[in-house]
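Structure assessment
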Amino acid sequence: MPSMFPSKEFLAFIGILLVVLGYVFYYRDLFRRSTKPHAFSWFIWTLTMSVGFAAQISEDAGPGSWILLTETFFSGSIFFLSLFIGEKGYTVSDWIALALALLSLAAWKITSSPFLSVILITLVDIFAFYPTVRKSFWKPYEESLFLWASSACKYVFLLFALDVFSFITAFYQACLVALNAGFVSFVVIRRRQKR
C-alpha cells in the first residue's frame, strides 16, 4: 500500500529548494548592499553546519542530511563575501562571542559523547548568532528576512526527511528552527521600533 506521506527524498528536495531560494534573495540583497552579513557569525555557522552534516552522516540520517550539506556550501560563500562587503564594525562582545564559540567547538572535539557534542554544537550556534543579533539591533534593515524565515521552514523539512530520528540527529535542527524564527521576530520588532 502506497504511503500517504511524501518520500524523505522529496522532503529533502523541498528543503534544498528553500535553501537555494533563501540564498538567491540574500545574494541579491548583499550585492545591492542592503544586507551586510557579520563575518564572525557566518564563519562559525559554516563550521557548525559542516559538523552537523558530519554528525548526521555518522548517524545514517539519510536525505535529511542533504539540506545541511547544501547549507554548508552557501554559508561558506556568505562568509567569504562578508569579508569584502559585510559588516565592518567588530566590537569586544563580538570577539568574546567568537572566542566562546571556538572554545565550545574545541570542547566538542575533545568529547567522545554524541549527546554532549550535539548540546555543544547547538551552544556554538547560539554564540554565533550574537554578532548578527547585536548588529541587527542597531541596523535592523541590514538583514534580509526572507533567508531567515525560509531557514526556519527548511529545517522543518530536514526533520521530516531524517531516516533516523533521534536526539543526536534532530535536536540541533529543532533548535535552528527556533533560532531562525526568533531572529525574524526580533528584526520585525526592531524595524517597527525604528519607525
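The coordinates are above.
Now for a quick tour of the structure. (Residues numbered from 1 in each chain as written. Predicted model: local features only at pLDDT ≥ 70, side-chain atom pairs only at ≥ 80, totals over all residues. Heavy atoms only, no water.)

**What about the packing of helix 3 (residues 64-85) against helix 6 (residues 145-161)?**
Where helix 3 meets helix 6, the axes come as close as 7 Å, and the angle between the chain directions of the two elements is 145°. Contacts between helix 3 and helix 6 involve Gly64, Ile67, Leu68 and Glu71 on the former and, on the latter, Lys154, Tyr155, Phe157, Leu158 and Ala161. When its residues are assigned to classes, the contact of helix 3 with helix 6 shows 6 nonpolar, 1 polar and 2 charged. (Axes fitted to C-alpha atoms, helices over the stretch in contact; angles between N-to-C directions. Helix = DSSP H or I, 4+ residues; strand = E, 2+ residues; numbered from the N terminus. Contact = heavy atoms within 4.5 Å. Nonpolar A, V, L, I, M, F, W, Y, C, P; charged D, E, K, R; others polar.)

**Digging into the nonpolar core**
Ranked by size, the top nonpolar core spans 40 residues in total, and within it Tyr23, Trp42, Ile78 and Trp148 carry the most contacts. Residue assignment for this core shows that the elements contributing at least two residues are helix 1 (8-31), helix 2 (39-58), helix 3, helix 4 (92-110), helix 5 (114-138), helix 6 and helix 7 (167-194). Of all the elements, helix 2 adds the most residues to this core, at 7 residues. Among all residues touching Tyr23, those that are not within four sequence positions of it are Trp42, Glu71, Phe74, Ser75, Ile78, Leu147 and Lys154. (Core = buried A, V, L, I, M, F, W, Y, C linked by side-chain atoms within 4.5 Å. Buried < 20%, exposed > 50% of the residue type's maximum accessible area, 1.4 Å probe, protein only.)

**Considering the packing of aromatic side chains**
The tally for this structure, following the rule as stated, stands at 22 aromatic pairs. When the centroid spacing of 4.7 Å and the interplanar angle of 70° are considered together, the rings of Phe40 and Trp95 count as edge-to-face. Taken as a pair, Phe40 in helix 2 and Trp95 in helix 4 lie far apart in primary sequence, 55 residues in all. By relative accessible area, Phe40 is classed as buried at 8%. Judged by relative accessible area, Trp95 falls into the partly exposed class, the value being 49%. (Phe/Tyr/Trp six-rings, centres within 6.5 Å; stacked < 30°, edge-to-face > 60°.)

**Concerning a nonpolar patch on the surface**
Together, Val92, Ile96, Leu100 and Leu103 make up an exposed nonpolar region whose accessible area comes to about 380 Å². On the secondary structure map, Leu100 appears in helix 4. By relative accessible area, which is 35% here, Leu100 ends up partly exposed. (Patch = residues over 30% accessible without salt bridge, like charges linked within 9 Å, V, L, I, M, F, W, Y side chains within 5 Å. Areas by Shrake-Rupley, 256 points an atom, 1.4 Å probe, with all protein chains shown as cover. Salt bridge = Lys/Arg side-chain N within 4 Å of Asp/Glu carboxyl O.)

**As for helix 6**
Between the first and last C-alpha of helix 6 there are 25 Å, a value that for 17 residues agrees with the 24 Å anticipated at 1.5 Å per step. Buried residues of helix 6: Leu145, Leu147, Trp148, Ser150, Ser151, Ala152, Lys154, Tyr155, Leu158, Leu159 and Ala161, and no others. If you follow the buried residues of helix 6, they end up packed against helix 1, helix 2, helix 3, helix 5 and helix 7. (Expected span 1.5 Å × (residues − 1).)

**Structural notes on the environment of Ile14**
With respect to the helices, strands and loops of the structure, Ile14 is situated in helix 1. Judged by relative accessible area, which is 22%, Ile14 ranks as partly exposed. Remark: the alpha-carbon pair of Ile14 and Ala161, spanning 147 residues in sequence, is separated by 9.8 Å.

**Regarding unusual backbone geometry**
Look at Arg33: it is not a glycine, yet its phi comes out positive at around 70°. Within the secondary structure, Arg33 is located in the loop between helix 1 and helix 2.

**Details of the packing of helix 2 against helix 6**
Helix packing for two helices is described by the angle between their axes and how far apart those axes are. Remark: helix 2 packs on helix 6, axes separated minimally by 15 Å, with the N-to-C direction vectors making an angle of 10°. Judged by the angle between their axes, helix 2 and helix 6 are roughly parallel. Side by side, helix 2 and helix 6 meet where Trp42, Trp45, Met49 and Gln56 of the first sit next to Leu147, Trp148, Tyr155 and Leu158 of the second. In terms of residue class, the contact of helix 2 with helix 6 is made up of 7 nonpolar, 1 polar and no charged. (Parallel < 35°, antiparallel > 145°, perpendicular 65-115°, else oblique.)

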